Amino acid sequence: MLTKKDKMELMAPAGNFESLQAALDNGADSVYFGVEQLNMRARASINFTMEDLPEIVRRCEKRKVRSYLTLNTIVYDHDLSLVRNLLTEAKKAGITAVIASDQAVIASARSMDVQVHISTQVNITNIETVKFYSLFADTMVLSRELSLRQVKKITSGIEKEQIKGPSGAPVKIEIFGHGALCMAVSGKCYLSLHSHNSSANRGACKQNCRKKYTVIDQESGFEIEIDNEYMMSPKDLCTVNFLDEIMDAGVQVLKIEGRGRAPEYVATVTKVYREAIDALYAQTYSEDKVARWMEQLSTVYNRGFWSGYYLGQKLGEWSKTSGSQATQKKVYLGKGIHYFPKAGIAEFRIEAFDLSPGDKLLVTGPNTGAQEFELKEIFVNDLLSERATKGDSCTIKVPFRVRLSDKLYKLVEA
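For clarity, every value in this text was computed on a predicted model and none was experimentally measured.

Rules and cut-offs
- Residues numbered from 1 in each chain as written.
- Predicted model: local features only at pLDDT ≥ 70, side-chain atom pairs only at ≥ 80, totals over all residues.
- Heavy atoms only, no water.
- Salt bridge = Lys/Arg side-chain N within 4 Å of Asp/Glu carboxyl O.
- Helix = DSSP H or I, 4+ residues; strand = E, 2+ residues; numbered from the N terminus.
- Buried < 20%, exposed > 50% of the residue type's maximum accessible area, 1.4 Å probe, protein only.
- Phe/Tyr/Trp six-rings, centres within 6.5 Å; stacked < 30°, edge-to-face > 60°.
- Lys NZ or Arg CZ within 6 Å of the ring centre and 35° of its normal.
- Arc of directions from axis to C-beta.
- Polar contact = N/O pair within 3.5 Å; in protein donor to acceptor, adjacent residues only side chain to side chain.
- Core = buried A, V, L, I, M, F, W, Y, C linked by side-chain atoms within 4.5 Å.
- Contact = heavy atoms within 4.5 Å.
- Pairing = 2+ DSSP bridges.
- Axes fitted to C-alpha atoms, helices over the stretch in contact; angles between N-to-C directions.

## Details of the pattern of salt bridges
Should the charged atoms of two oppositely charged side chains come close, the side chains can pair.
Piece 1. All told, the structure shown has 20 salt bridges when counted by the stated rule.
Piece 2. One salt bridge connects Glu161 with Lys131, and the closest N-O pair in it is separated by 2.7 Å. Here Glu161 is found in helix α6 (residues 148-161), whereas its partner Lys131 is found in helix α5 (residues 127-133), with 30 residues between them in sequence.
Piece 3. Given a relative accessible area of 28%, Lys131 falls into the partly exposed group.
Piece 4. A salt bridge links Arg274 to Asp278, with the shortest nitrogen-to-oxygen separation between them at 3.2 Å. A residue pair is termed a helical-turn pair when its members lie 3 or 4 positions apart in one helix, as Arg274 and Asp278 do in helix α9 (residues 263-282) at 4 residues.
Piece 5. Judged by its relative accessible area of 31%, Asp278 is partly exposed.
Piece 6. Overlapping salt bridges bring together Lys7, Asp29, Arg274 and Asp278 as one network.

## Overview of the packing of aromatic side chains
Piece 1. Summed over the entire model, instances satisfying the criterion amount to 10 aromatic pairs.
Piece 2. Taking 5.9 Å as the distance between ring centres and 40° as the angle between the ring planes, the aromatic pair formed by Tyr285 and Trp293 counts as tilted.
Piece 3. Here a set of aromatic residues connected by ring pairs shows up, and it is made of Phe17, Phe33 and Phe48.
Piece 4. Sitting above the plane of the Tyr32 ring, Lys255 keeps its charged end 4.5 Å from the centroid.
Piece 5. Positioned above the aromatic ring of Tyr409, the side-chain terminus of Lys330 is 4.6 Å from the ring centre.

## A look at helix α4 (residues 103-111)
Piece 1. Taken as a whole, α4 has its buried residues at Val105, Ile106, Ser108 and Ala109. Projected onto a plane normal to the axis of α4, the buried residues spread over an arc of 165° and lie on a single side.
Piece 2. Here α4 starts with a cap whose side-chain oxygen sits 2.8 Å from the backbone nitrogen of Ala104, and that cap is Asp102.
Piece 3. Just beyond α4, the residue with positive phi is Asp113, at close to 65°.

## Observations regarding the nonpolar core
Piece 1. Ranked by internal contacts, the top residues of the largest apolar core, which has 93 residues, are Phe33 and Tyr273.
Piece 2. Residues within four places of Tyr273 in sequence aside, it is in contact with Leu10, Gly177, His178, Cys238, Thr239, Val240, Leu243, Leu254 and Leu297.
Piece 3. Phe348, Leu355, Leu361 and Leu408 belong to the second largest nonpolar core, which has 19 residues in total.

## What about the sheet that holds strand β19 (residues 393-397)?
Piece 1. Read across the sheet, 8 strands follow the order β16-β15-β20-β13-β14-β19-β17-β18 without closing on themselves; strand pairing throughout is antiparallel. Taken across any chain shown, the strands that pair with only one partner, and hence form the sheet edges, are β16 (369-374) and β18 (383-385). This sheet shows a mean twist of 35° between the axes of neighbouring strands, independent of strand direction.
Piece 2. Seen against the sheet, helix α1 (residues 17-25) touches β15 (360-365) and β16 and runs at an angle of roughly 65° to β16.

## Comments concerning the environment of Glu55
Piece 1. Tracing the backbone shows Glu55 in helix α2 (residues 53-62).
Piece 2. Classification of Glu55 as partly exposed rests on a relative accessible area of 25%.
Piece 3. In this structure, the C-alpha to C-alpha distance between Glu55 and Ala93, residues 38 residues apart in sequence, is 8.5 Å.
Piece 4. In terms of polar contacts, Glu55 uses its side chain to reach the side chain of Arg59, at 2.9 Å.

## Quick notes on unusual backbone geometry
Piece 1. Despite not being glycine, Lys64 shows a phi value in the positive range, around 60°.
Piece 2. Within the secondary structure, Lys64 is located in the loop between α2 and β3 (66-71).
Piece 3. What makes Lys64 exposed here is its relative accessible area of 75%.
Piece 4. At Asp113, a position not held by glycine, the phi torsion is positive, near 65°.
Piece 5. Here Asp113 lies in the loop between α4 and β5 (116-118).

Honestly, that's just the spatial picture; any functional story needs more than this.
Have a look at this one:
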């Protein structure tokens, strides 16, 4: 059995405080997040502000979780003052490291003695590039297009040649383990820039690839029939079913994609991969568990699943539908208005639809994260009731603290 010292780090996304708390509550070893606009999800997620950094670090340190600030976009001259301000505030707050791709960011961080991780945007694909960036960073995210055989060659080379980062420790290799994939090479896409003057490489992707297109022969005007209607939209990456092979390839950090996705997505995916990694080290990883984990992953946002290029596949697997293929969806019910801590009871105001005993519920909030539970009983006007409807204030026994304005949802089959 491998020791905790060797254990693969599980990194979860945080696009807002709800998702941050969901990651912390479900076993993440580290979280990554963007502040202001210089990150690859500048428009896809709400993003934090510089004023949020101390609170992010406080929550992470309380759970002994590492905190990584993404500063991985293309940087222009007029961005440099913002880069320095962000790094200054990040260091002051005590973040663990900054994830960067532009050499200006890397150099600025190093000059401030801020730890650097090399972003996948750099497209590291070989051992010589690892050697070069080991001058600046202890952890590197490899290109998404590599096979596990190629990943293994790199990790073996690091061990054989004793390639060490600035800390003096051997360089760690990180890969993406789950979530959305881009049709472009490790995210370097220019469609959005050409069509909307909105650069994906500046965190402002318009997701042209996720749309349906008709291909026309310009000479004849003939519309070419394509079986797959979403020919540029890859399915989501999923590796939980071959996580043992990823561990054997020497990967030390597994990254979940999803800073633009909902807190329940972060909660479910983090929980599944936490269980899977723990099972590997306890030697209880099995086909039965994998089947259960795949079922759980399918309940939250996904475009269908495939293994990426890790198993040697040359071409992508493309989504056949627009949007999510999740097996369940959330329906908004209302907001939290009071919590009685001694009794463990929450009061909600129902603003839409009905709820009844037996319903599967979800509560989300900046401090609550994403909490799911089954409704056992409900009281309306202090009377046991079979239903609460729009306009009612109802009380429910919950296994966690509910805050003012936490949102209540019902989870139903999609």
